Amino acid sequence: MARVFYHGAYKAPREFNWVIGVILLTLTLLLSFTGYLLPWDQLALWAVTVGTNMMGYSPVIGSQVRFVLLGGVEIGPETLLRWYVLHVLLFPFVTVIFLAIHFWRVRKDGGISGPL
Ligand code: HEM
């Protein structure tokens, strides 16, 4: 990403691939956060408690979002199962699709750009 930014490759005709890149960055963060719970130790437990509490303060749908993510009103075995499925199935699957689009766009845009 730093290389792409330095080379100004976010400009035309590569804006679309930059947006795909932002989605990939978000997916990477989501993979990191869901993976954080899986060691199921004190650090993981409290990190996810804090994270889901923060999401719980979102306006209007906060408490519903928190309930869905925890699989209950507090962190427990259901949370572990839920985050495990997100970490090993859903997010990798979505990431592979966006990676395929990303690499397809690199080819379509005539390969990578060089220094300006
Ligand atoms: C999972 C994360 C990512 C992977 C595995 C990935 C991989 C790649 C690869 C292999 C290339 C071609 C080689 C290169 O340009 O060095 C590329 C190009 C590119 N990437 Fe990513 N990328 C990721 C995230 C991002 C992010 C976060 C951004 C920007 C927000 C981004 C924007 C771009 C753009 C604009 C190009 C075209 C660069 C050019 O033509 O010079 N990518 N990406």
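Here goes a summary of the coordinates provided. Every value quoted in this text rests on a predicted model; they were computed, and no experiment measured them.

Details of the site of the ligand
Part 1 of the argument: What surrounds the ligand is a group of 19 residues, the closest being R3, R14, G21, H102 and S113.
Part 2 of the argument: At 2.6 Å from an oxygen atom of the ligand is found a side-chain nitrogen or oxygen belonging to S113.
Part 3 of the argument: Of all the elements in the fold, those that place two or more residues in the shell around the ligand are α1 (2–6), α2 (15–37) and α5 (77–108).
Part 4 of the argument: Ranked by residues supplied to the shell around the ligand, first place goes to α2 with seven residues.
Part 5 of the argument: When its residues are assigned to classes, the shell around the ligand shows eleven nonpolar, six polar and two charged.

A look at the coordination of the iron atom of the ligand
Octahedral metal centres with six donors ideally show angles of 90 or 180 degrees, and tetrahedral centres with four donors ideally show 109.5 degrees.
Part 1 of the argument: Among all protein atoms, only H102 (NE2) binds the iron atom of the ligand, sitting 2.0 Å from it.
Part 2 of the argument: Its place among the elements puts H102 in helix α5.

Calculation rules
- Residues numbered from 1 in each chain as written.
- Predicted model: local features only at pLDDT ≥ 70, side-chain atom pairs only at ≥ 80, totals over all residues.
- Heavy atoms only, no water.
- Near = heavy atom within 4 Å.
- Polar contact = N/O pair within 3.5 Å; in protein donor to acceptor, adjacent residues only side chain to side chain.
- Helix = DSSP H or I, 4+ residues; strand = E, 2+ residues; numbered from the N terminus.
- Nonpolar A, V, L, I, M, F, W, Y, C, P; charged D, E, K, R; others polar.
- Donors = N, O, S within 2.8 Å, 3.2 Å for Na, K, Ca; no water.

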